[in-house]
Each structure stands twice: as structure tokens, then as C-alpha cells.
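# Report on the structure
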Amino acid sequence: MINHLTGVSKYYLPVKTIILEICGNSIEWSGTESRQWLLGVKYETNKVVFTVTDVGKGILETLYRRFTMRFFETFKSNDEVLKGAFDKKYSSTTQEVNRNKGLPAVKANFDIGTINKLIVLTNNVILHFDNNTFSKTFVKGSPRFKGTFYQWEINNDCLNKLMN
Amino acid sequence: MITISVLENFSEFPALRHCNISDNSGEEFYHKVLNKVLKDAYEKGEKLTVNLDNTAGYASSFLDEAFGNLVYDFTLDVVKKNIEIISYQEPHWKDMIENQTYMQWEKRRKNNQNPKVTKNHEAWFRLENNQLKSKIWEHPAAV
């Protein structure tokens, strides 16, 4: 990927981190058949687009099973709950205080700019991290996505953020 | 001073938390490498330096499991005094280990919330009443 953008072959560490975090969640929590997940990479002019998809339970369904939520959280919209998971707002019912670093690690890479245009689609929610006005919880009766889909882009600005 | 690196002493491709979900896991790194080298450093009264740089990249869970188990087996005090982490390429990992993982696993240790192992390991070292003891402390949960 770095070779496509710069002509120099080397590892881009944030991509490995993000893919590990996502596939780790997929195979550990989402209950996908045979622990399968799918990686897509599209090389475009001056940017590379990544997608990762699994067809497990989806983050929200998994969250409601795994996490204890305070009573008032149940009144939040699902997109707010999902944002909370990326902000590490929920503690694990497994009582393992050291867990729940994966989704925040994905968001941290968006926050520092090593990836762009992060989108997460899961169950009845889509989050656009770069433009929250497009984020939403689907209205009741709309089709739902049974699983989790991530998309993000990397361009030379992202590479420069890592170097700096 | 004893120095190891994940690249030279374990793998260029560190992966996920437990052995039952990936090769080159944090659990494996701990049991094959990290536990023994800290035991050696502790006995010799030397500092252990662990270099995280130059691999293909990390998942938070790999580092959390490997360094967290150190705290569980050797205590936060011993780990803080005896380990230096180098992570020039991605300094946020050093920050996560030292400011989250260490404290969280010390809490686990004090609460006797045992580490989970997902395969059978050879005996490993743990400090008990300031004495190093070697045995198989945990077994995989029966499926």
C-alpha cells in the first residue's frame, strides 16, 4: 500500500493494527461461521480504500450481550451507543478490567489522522466518523446489516501524519 | 542490562491476545519469551529492555496480554522497577502499557482474577511471598 502511494515498500503500522483489532473482534465475539471475515483493498489514484466485513452478530448485538449498561444508556439512540463503544464507555461483564481496547484503538487512528473517512455499518446503525451528520440509526422496519462493515481511506496526508 | 526485541526474539508478525484465536499471540509471547527473561533479569538484579519496534504492527490485545501477565506474575512494583519498554515507532503502545495495562492487571492480581490460558504451557515463574516459584499455574478451561 505504501508502495502504491510513494513508490517505497514498507509496513504501514496503523493498517496492521486496525485489521488485527477488527478481525480479533470478529473471531472472538461476533460468532461468525468458521471465524470468517473479508478484507477488500482498492488502489485508486493517490489513495487506497480498505473494507473489512464480517457477517457475525454485529457490534451492537454483541454489546448488548456482553456489556453492562447504566439504565439511562438504554434511552440513547443506537448510533450514540455505538459511538460510546468506540470511546470505551462500557465496562465488560467478564470483569476483565484490561479488555475493551480494540474499538478505541481503531478510532484513535482516525483521530490522529493516520486513516481518513472511517465508516462503520453494523446492525441498524451507520457511523461516519468524519461527518457525524451522516451518522444515523435506521428507522424501525428498515433493512439491517447482520454483521459489521468497516471502510476507511489512506492517502499521503495520512502517511505524513505517521512520520510526524 | 538484558535486551530483547519482539522482532528478534519472537516474530515479525505479532497477532492477537490468545493462542486459541491466532498464531504469534500475546499469550504465546509471554509464555515462550517474556516470563523467562524477566525471571532472569530479576534474579540477576538487572534491568530488562523490551524493544517493540520494527515488527509489522501490533494489536492492543497482544501487548495487553503479554505485559499484563508480567504484572500478574511479578507484581506491578517489580515490573515497573525492572522493565524498560522501547517503542520509538509507535510511542502510544508504551503509553498504553505503562498507563493502562500495568494498573489494570495489578487490579486483576489483587482481585485474584486469574489470567486465562488457552493452551497448555510449560511451567512458568511467579513471585509468591517474594520467592520465585515455577509451576503450571493455570490450565485451559475445559470446552
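Residues numbered from 1 in each chain as written. Chains lettered and ligands numbered in written order. Predicted model: local features only at pLDDT ≥ 70, side-chain atom pairs only at ≥ 80, totals over all residues.

Scanning chain A from N- to C-terminus turns up 6 helices and 8 strands. Beginning at the N terminus, the succession of helices and strands in chain A can be written as α-α-β-β-α-β-α-β-α-β-β-β-β-α. Put simply, chain A has 164 residues, and 34% of those count as buried. (Helix = DSSP H or I, 4+ residues; strand = E, 2+ residues; numbered from the N terminus. Buried ≥ 20, exposed ≤ 12 C-beta atoms within 10 Å, placed from the backbone.)

This part takes up the overall build of chain B. A tally of regular secondary structure across chain B gives 5 helices and 5 strands. Reading the secondary structure of chain B in the N-to-C direction produces β-α-α-β-α-α-β-α-β-β. Considered along the principal axes of its C-alpha atoms, chain B spans approximately 40 × 35 × 25 Å. The contacts of chain B with a sequence gap of at least 6 include a subset with a gap of at least 24, amounting to 70%. (Contact = placed C-beta atoms within 7 Å.)

Moving on to the interface of chain B and chain A. Contacts between chain B and chain A engage 19 residues on the former and 15 residues on the latter. Put simply, the parts of the chain that give the side of chain B that touches chain A at least two residues each are helix 3 (60-74) and helix 5 (91-110) of chain B. Per-element tally for the side of chain B that touches chain A: the top contributor is helix 5 of chain B, with 5 residues. A breakdown of the residues in the side of chain B that touches chain A according to their chemical character gives 7 nonpolar, 8 polar and 4 charged. (Nonpolar A, V, L, I, M, F, W, Y, C, P; charged D, E, K, R; others polar.)

The next thing to look at is the environment of Leu127 of chain B. Residue and element names in this part refer to chain B. Structurally, Leu127 is set in strand 4 (residues 124-128). Looking at Leu127, the number of C-beta atoms within 10 Å reads 15, which means it is partly exposed. It is 9.6 Å that separates the C-alpha atoms of Leu127 and Val78, two residues lying 49 residues apart in sequence.

The next thing to look at is helix 3 of chain B. All names here are of chain B. With 15 residues, helix 3 extends 21 Å between its outermost C-alpha atoms, agreeing within 8% with the 21 Å of an ideal straight helix rising 1.5 Å per residue. Taken across its 15 residues, helix 3 has 15 buried, putting it largely inside the fold. Thr75, located one to two residues past helix 3, shows a positive phi value of around 80 degrees. (Expected span 1.5 Å × (residues − 1).)

All names here are of chain B. With parallel pairing, 3 strands are arranged side by side in an open sheet as 1-2-3. Looking at strand neighbours, the two that pair on one side only are strand 1 (2-5) and strand 3 (83-86), the edges of this open sheet. Adjacent strand axes in the sheet meet at a mean angle of 20 degrees when their direction is disregarded. When strand 2 (residues 48-51) meets strand 3, the two strands line up parallel, connected through 4 bridges. Each residue of the ladder has a partner; that of Asn51, found in strand 3, is Ile86. Against the sheet, helix 2 (residues 26-44) contacts strand 1, strand 2 and strand 3, and its axis sits at roughly 170 degrees relative to strand 1. (Pairing = 2+ DSSP bridges. Axes fitted to C-alpha atoms, helices over the stretch in contact; angles between N-to-C directions.)

Mapped onto the elements of the fold, Asn78 of chain A is located in helix 4 (residues 78-86). C-alpha separation for the pair Asn78 of chain A and Leu60 of chain A, spaced 18 residues apart in sequence, amounts to 7.7 Å.

Residues and elements named next belong to chain B. Relative to the helices and strands, Val71 is located in helix 3. Along the sequence, Val71 and Lys44 sit 27 residues apart, while their C-alpha atoms lie 19 Å from each other. If we ignore the near neighbours within four places in the chain, the residues touching Val71 are Leu76, Val79, Tyr102, Trp105, Glu106 and Arg109.

All names here are of chain A. When strand 5 (residues 116-123) meets strand 8 (residues 145-155), the two strands line up antiparallel, connected through 6 bridges. Bridge pairing in strand 8 links Thr122 to Thr148. Pairing geometry for strand 5 and strand 6 (residues 125-128), over 4 bridges, is antiparallel. Along strand 6, the bridge assignment pairs Ile119 with His128. Between strand 5 and strand 6, which pair antiparallel in sequence order, lie 1 residue.

All names here are of chain B. Contact geometry for helix 2 and helix 3: axes closest at 9 Å, N-to-C directions at 40 degrees. Overall, the two elements helix 2 and helix 3 adopt an arrangement that is oblique. The two elements helix 2 and helix 3 meet at a crossing, and its hand is right-handed. The residues of helix 3 that touch helix 2, namely those facing Gly26, Glu27, Phe29, Tyr30, Leu34, Asn35, Leu38 and Tyr42, are Ser61, Phe62, Leu63, Asp64, Glu65, Ala66, Asn69, Leu70, Asp73 and Phe74. For the contact of helix 2 with helix 3, the per-class residue count stands at 10 nonpolar, 4 polar and 4 charged. (Parallel < 35°, antiparallel > 145°, perpendicular 65-115°, else oblique. Left-handed = near helix turned anticlockwise from the far one by under 90°.)

Shape is all these values report; function is a separate question.
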